Amino acid sequence: MRKWNKKALVGTVGLLTAGFLAACGSGNSSEEANSDTGSNSSKEVSFWFMGDGNEQVQPILDSFTEETGIKVNVQSIPWSAAHDRLLTAVASGEGPDVVQMGTTWMSEFSDAGALMDITDYINSEDELNRDNFFEGNVGTNEFDGKYYGVPWYTETRALYYRSDLLEDIGYSEAPKTWDELKDAALKLSKRGDNMYGFNVDGSDQTFGFMFARQNGSKLLDKEGNPLFNQKPFVESAEYLNSMIQNGSAPAQDLGIDISQSFGGEGIVPMFISGPWMITAINENASDIDGKWATAVLPAGPENNLSNTGGANLSVWNGTDNTKNAIELIKFMSKPENQLTFLDTSSSLPAVKSAWEDEKLQGDKIAPFGEQLESSEHMPLMPKWEEVAQKYLDYWEQITVGGADIQDTLDAFNKDAASILKK
Amino acid sequence: MKSKKAPYFFIAPALILLFFFSILPIFIALIISFTDMSLAGLADYSRINFMGVENYTNILSDPSFRQSILNTIYYVIIGVPLVVALSMGIAILINMGKGKFFSFMRLIFYSPSITNIVAIAIVWSFLFNPSDSIGLFNRLLHTIGLGPIAWLQDPRIAKLSLIILAVWRGIGINMLIFSAALTNIPKTMYEAAELDGATQLQQIRYITIPQLKFSTFFVIVTTLIGWLQFFEEPFVMTEGGPLNSTLSVSLFIYRNGFQLNNFGYAAAGSLILFVVIIIATLFQMKIQRKEEENTI
Amino acid sequence: MVSINRKTKIIIGIILGIWGAFTIIPFIWMILSAFKTNPEIVAIQPKILPNEWTLDNFRELFQRLNFGVYLKNTIIITLMSFVGLLINAAAGFGFAHYDFKGKNVLFILVLATMMIPGQVTMIPVYLMLNAVGLTNTYLGIVLPGLTGAFGIFLFRQFFSNISEEFFEAARLDGAGEFYIFFRVALPLSRPILAVQGILAFIGGWNSFLWPLIIANDQKFYTLSVGLQLLQGQHGANYALQMAGAAFMVVPILIIFLIFQKYILSGFNISGGK
């Protein structure tokens, strides 16, 4: 066995060298090619944007070019293929100057050395000052005390509810606590067969963790060991599961569009989601105009922490165009440009001062601003995604398979510990 | 006299392309499967550690992987015969008919192959909806006093629902292949059989089906390989749920490799799948060879 | 072909018709949805026909899509992918009609390439193309998908089915191997060429991931990539997507109808008709 290992190792090294030699060789030559353009690149910067750049970000880039004389080569990448595109960029080392990064990707790509440490710029440039942005978003850029990006836009979860249906059961306002949420959900589910009160989202990786935090769970201890079978976490799971078991919430995805689940009769009249649902409801469920609202999350025993998401702007490691890249990021961090981006893409500004604008004072959007003050990102570690994925599997065993909660979470905790140790 | 060199000229362009874009990557995948390569390793090869066969031992004891293997076998055993039989049946029926209407039917049965996957997901989610006031299948069942069936929610039924969907999608291209082969059966054979007083069913049984031998073999092998890589249907409809009951090996590999960046682990999974497919194909070829010997 | 009387023909027609109607529902739904508004598509009990026909989806599609560029790229890539037909046909011919050293091993190797999921090969292939400087070129987009085991295998099966005598006759007349391939074998394989032509066209027309990965510049994007961009960040605008899908499918339908003729005009091997 040992011997075989050694042989395989030698073979592996040999083949790897052969297979990748050419790639490395070209890596050098393409760097040369880059530096060729680098000499006259003082007037250009390349930017990878996730989504439709022509539509959403071009106006900002145009005014940037006008102001600084720096031309921006934007490449739009559909979200569905963005992770693959970034993988190949990491593999070849050939990326853009500035790249938009989803917050959940930050840890894996900064760990891989794909993003540049820009702590110095964040300390020296006013526009990039940490205090300008929501804390939860700034946190997604920090690893080992270094900063690898600047918040670009933010997302958080809030409660959507049908005000008319809640009125009917005696709630003139949104549920404020877990108890009220459970009570309202149960009453709403009594409206008839196949009617529910709330949606315990079984496909959202962050849902259970969010509720656990509201119950005081820290998720991980200081050494990074999971606390998923501890009391706060288990209790929150019991709380969520009780709503499924008493029929307040569907056990599985109902397979219906928002226009039926929330619009019309309101099969599921309360759910938790991000700001993008506002547009979706306005467009697809116009029948309930004025009959729905948003609110900050109901508070658990400890707090009403929500989950922060969104995207950051980072500088690709290895670019020789750092100065222009930082100029672009600075420009995009200005409140007025963040507001332009709100107009073109409905994404929420990560810069706090932008929220003073009246566009963000509307009754549907304002609760999100309020919720952002009580919102945290998921733990930032390359393996977190895998843990979160595992959570969904185990959670399904409880809700669909009827497994014991404590036993299942014990198993989940063990599994998560071994994933995180890797 | 056949030239000795000619065949190499014929196959060289294809082989060269395949060598670079398929075979070489397989070897690279093989190497990767013995390492803990992740995103960081992709950027900096010095961070790749050699793990020996650890990925293989881990994956073989991973309950999700085992489940995905069992699911995939289930898909293959039920799905492949259905696709082959139905696409051959439709091709023969269409071919018997001739005329404008029948060649138009060919386009109809081909239409699932050119229907956008997003459209497929939306329409079939509607067809499979568990409520008997929304889902079309359940509404139909309701009118005859049956159901409702939890098509995609019941772990025992979800697999079958996906098979229905995949068979519907898979018929088109195979039907075309059979159609192409059918046109090559000499007319004289049927004329002779007819003179001998063979019925239509006998003609199909003793002329058409044996004459389709080569295409059948082709369709079986490619369908088998395709179904062993069953991916899109669970990906868009169930994401492997409920309770991993629809998780296929390919979906498992995709999740681990491209969502979670465990390239080493995923590569080990795909090489196991690779070996299984080769064994299944060789087995299939052996059966074919035996049959040929028997018929001659 | 089995000859049948009128009655049987009608029965078969009815069976196929009913079955076909079920088969084509999603396709029809896709086309008709392109003319609906989005709320109507997701309505709880959708009707087949639009309540109100609208062209807004298409208008939006063309306004927002960088259409000229995407279409040009798609056409170039599709045309280039047709070269693959010839390569596949040649290889299939080679495997079917010659005995040579290593034939079985090589053929199994070809088959084996069918069995590796595309995701596994993506990164190594990208690194190779990058190494030889083919990123940001049409060639780099097309090359990895130019040939495929499926096509080679299909041609081989087809040619194995054709009697050796055909080629022997040509050889006796002193024809070279390449002459035989181009003038005897290729014309014979019209039905398979047609099947493969349809597949190559669809493949090229819908190519998505490679144009995106290989390009460092939006000027190489195809229609599929453009449509994905349209889908937007959290977009649930099915109407727009269906308009895009419906638009993409029209050329495929045309190609199908053209090639179908060749599938039908199969070669009668025994000579007389």
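Residues numbered from 1 in each chain as written. Chains lettered and ligands numbered in written order. Predicted model: local features only at pLDDT ≥ 70, side-chain atom pairs only at ≥ 80, totals over all residues.

## Notes on the overall build of chain B
Step number 1: Within chain B, the regular secondary structure consists of 14 helices and 0 strands.
Step number 2: Seen in sequence order, chain B has helices and strands lined up from the N terminus as α-α-α-α-α-α-α-α-α-α-α-α-α-α.
Step number 3: Considering only C-alpha atoms, chain B reaches an extent of 75 × 70 × 35 Å along its principal axes.
Step number 4: Taking all 296 residues of chain B together, 51% fall into the buried category.
Step number 5: When contacts within chain B are restricted to residue pairs at least 6 apart in sequence, long-range pairs at least 24 apart make up 64% of them. (Helix = DSSP H or I, 4+ residues; strand = E, 2+ residues; numbered from the N terminus. Buried ≥ 20, exposed ≤ 12 C-beta atoms within 10 Å, placed from the backbone. Contact = placed C-beta atoms within 7 Å.)

## Focus: the UniProt feature "transmembrane region" (unreviewed entry) in chain C
Residues and elements named next belong to chain C.
Step number 1: As recorded in UniProt, the feature "transmembrane region" (unreviewed entry) lies at residues 12-32, 75-98, 105-129, 135-155, 192-215 and 235-259.
Step number 2: When the span residues 75-98 is considered, its composition is 96% helix and 0% strand, and the gap between its end C-alpha atoms is 36 Å.
Step number 3: Between the C-alpha atoms that bound residues 135-155 the distance is 31 Å, and the span itself is 57% helix and 0% strand. (UniProt positions renumbered as here; feature names shortened; annotations may be inferred.)

## Regarding the nonpolar core
Step number 1: The biggest cluster of nonpolar side chains holds 283 residues, and the ones touching the most others in it are Val 90 and Leu 328 of chain A together with Ile 177 of chain B.
Step number 2: Per-element tally for this core: the top contributor is helix α8 (residues 155-182) of chain B, with 15 residues.
Step number 3: Three or more residues apiece are contributed to this core by two domains, here domain 1 (43-156 + 309-376) and domain 2 (158-307 + 383-421) of chain A.
Step number 4: Excluding residues that lie within four positions of it along the chain, Ile 177 of chain B makes contacts with Ser 215, Phe 218 and Val 219 of chain B together with Leu 154 and Val 195 of chain C. (Core = buried A, V, L, I, M, F, W, Y, C linked by C-beta atoms within 7 Å. Domains from an automatic or database assignment.)

## What about the interface of chain B and chain C?
Step number 1: Taken together, the 80 residues of chain B in the interface contact 76 residues of chain C.
Step number 2: Residue contributions to the side of chain B that touches chain C peak at 19 residues, all from helix α1 (residues 6-32) of chain B.
Step number 3: Broken down by class, the residue content of the side of chain B that touches chain C amounts to 54 nonpolar, 22 polar and 4 charged. (Nonpolar A, V, L, I, M, F, W, Y, C, P; charged D, E, K, R; others polar.)

## Overview of the sheet that holds strand β9 (residues 292-295) of chain A
Residues and elements named next belong to chain A.
Step number 1: Ordered by their spatial adjacency, 3 strands build an open sheet running β8-β7-β9, and the pairing between neighbours is antiparallel. The open sheet has two edge strands, β8 (270-273) and β9, and neither has a second partner. Recorded for the sheet is a direction-independent mean angle of 25° between the axes of neighbouring strands.
Step number 2: Pairing between strand β7 (residues 158-162) and β9: 4 bridges, direction antiparallel. Bridge pairing in β9 places Leu 159 opposite Ala 295. (Pairing = 2+ DSSP bridges. Axes fitted to C-alpha atoms, helices over the stretch in contact; angles between N-to-C directions.)

## Some points on the confidence of the model for chain C
Residues and elements named next belong to chain C.
Step number 1: The predicted model of chain C has a mean per-residue pLDDT of 81, with 91% of residues at 70 or higher.
Step number 2: Within the model, pLDDT remains below 50 along residues 267-273, and this stretch shows 12 contacts once partners closer than five positions in the same chain are excluded.
Step number 3: For this predicted complex, the interface score ipTM comes out at 0.82, while the overall pTM is 0.84. (pLDDT = per-residue confidence, 0-100.)

## So, the sheet that holds strand β6 (residues 150-155) of chain A
Residues and elements named next belong to chain A.
Step number 1: Ordered in space as β2-β1-β3-β11-β6-β12, the 6 strands form an open sheet in which the pairing is mixed. Edge positions in the sheet fall to β2 (71-77) and β12 (348-349), since each of these pairs with one other strand and no more.
Step number 2: Two elements, strand β1 (residues 44-50) and β2, share 7 bridges in a ladder whose sense is parallel. Along β2, the bridge assignment pairs Phe 49 with Ser 76.

## Things to note about the UniProt feature "transmembrane region" (unreviewed entry) in chain B
Residues and elements named next belong to chain B.
Step number 1: Residues given the UniProt feature "transmembrane region" (unreviewed entry) here are residues 7-32, 73-95, 107-127, 160-182, 212-230 and 263-283.
Step number 2: Between the end C-alpha atoms of residues 73-95 there is a gap of 33 Å, over a span that is 100% helix and 0% strand.
Step number 3: Helix and strand shares over residues 107-127 are 71% and 0% respectively, and the end C-alpha atoms of the span are 22 Å apart.

## Here we look at unusual backbone geometry
Residue and element names in this part refer to chain A.
Step number 1: Positive phi values are uncommon outside glycine, yet Asp 144 reaches one of about 50°.
Step number 2: When you line up the elements, Asp 144 lands in the loop between β4 (142-143) and β5 (146-147).
Step number 3: Take Asp 144: there are 6 C-beta atoms within 10 Å of it, and that puts it in the exposed class.
Step number 4: Backbone geometry at Ser 346 places phi at a positive 60°, although glycine is not the residue there.
Step number 5: Among the secondary structure elements, Ser 346 is positioned in the loop between α15 (335-345) and β12.

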